[in-house]
Amino acid sequence: MSASFESRLQDTVKKTITDNPVVVYSKTWCSYSAEVKSLFNQLGVQPLVVELDQIGAQGPQVQKVLEQLTGQHTVPNVFIGGKHIGGCTGTFFAISLLLFLLLTISFILSNYTATGNLKIC
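Each chain has its residues counted from 1, running along the sequence as written. Owing to the predicted nature of the model, reporting of local features is limited to residues with pLDDT of at least 70; listing and counting of side-chain atom pairs is limited to 80 or more, with chain, interface and lining totals taken over all residues. The side-chain values count all of the structure's non-hydrogen atoms but skip hydrogen atoms and water molecules.

(A) Highlighting the side chain of Gln 72. Locating Gln 72 in the fold gives a position in the loop between helix H3 (58–70) and strand S3 (77–80). On the accessibility criterion, Gln 72 (12% relative accessible area) is buried. At a separation of 2.9 Å, a polar atom in the side chain of Gln 72 contacts the main-chain carbonyl oxygen of Thr 74. When neighbours within four sequence positions are excluded, Gln 72 is seen to be in contact with Leu 66, Glu 67, Asn 77, His 84, Gly 86 and Gly 87. Secondary structure is summarised from DSSP: a helix means a run of H or I of at least four residues, a strand means a run of E of at least two, and numbering begins at the N terminus for each. Note on exposure labels: buried denotes an accessible area under 20% of the residue type's maximum, exposed denotes more than 50%, and partly exposed covers the range between, all computed with a 1.4 Å probe on protein chains only. Polar contact is defined as a pair of N or O atoms within 3.5 Å, subject to the rule that within protein one atom must be able to donate a hydrogen and the other to accept it, and that residues adjacent in sequence are counted only when both atoms are side-chain atoms. Contacts are assigned to residue pairs with any non-hydrogen atoms lying within 4.5 Å of each other.

Below you can see the structure in the form of structure tokens.
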């Protein structure tokens, strides 16, 4: 892969990541990728899914670029809000943490009185 082609491919990958709220780089046969895609589906999130084994000769090249950008050479390779989340475990952890924080905030807000005092039994 020539340096100029690699640079253009890296720019394309970076643009894909920044232009889409959720991006999953995946392979159709990977069970971990299937788990992540299923999680997003259950949450009603429609990520941009790039199936590296379906894009021909560029698949391995994109995977190499992703490894250069993230240090991760496996799929799924997940980005949310332009930030690298990780693979399957990292994604499930991030979503679980987000849901926990939302539930905690909801609990706190539902336990404030009209005067602004926190009511705890």
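(B) Just the packing of helix H2 (residues 31–42) against helix H4 (residues 88–110), in detail. Orientation of H2 relative to H4, taken along the N-to-C sense of each, is 20°, at an axis distance of 9 Å. Relative to H4, the element H2 lies roughly parallel. H4 is crossed by H2, and the crossing has left-handed handedness. Along the contact surface, H2 presents Tyr 32, Glu 35, Val 36, Leu 39 and Phe 40, while H4 presents Cys 88, Thr 91, Phe 92 and Ile 95. Partitioned by chemical class, the residues of the contact of H2 with H4 number seven nonpolar, one polar and one charged. Axes, fitted as lines to C-alpha atoms, cover a helix only where it is in contact. Angles between the N-to-C directions of the axes lie from 0 to 180 degrees. Oblique is the label for any angle not covered by the other classes, which are roughly parallel (under 35 degrees), roughly antiparallel (over 145) and roughly perpendicular (65 to 115). Note: crossing handedness is left-handed where the near helix turns anticlockwise from the far helix by less than a right angle, and right-handed where it turns clockwise. Following the grouping adopted for this structure description, the nonpolar residues are Ala, Val, Leu, Ile, Met, Phe, Trp, Tyr, Cys and Pro, the charged ones are Asp, Glu, Lys and Arg, and the polar ones are all others, Gly among them.

(C) Highlighting the environment of Leu 99. By secondary structure assignment, the location of Leu 99 is in helix H4. Sequence-wise, Leu 99 and Gly 87 are 12 residues apart; in three dimensions their C-alpha atoms are separated by 18 Å.

(D) Inspection of unusual backbone geometry at higher detail. Between Val 75 and Pro 76 the backbone carries a cis peptide bond, its omega angle lying at 0°. With respect to the secondary-structure elements, Pro 76 resides in the loop between H3 and S3.

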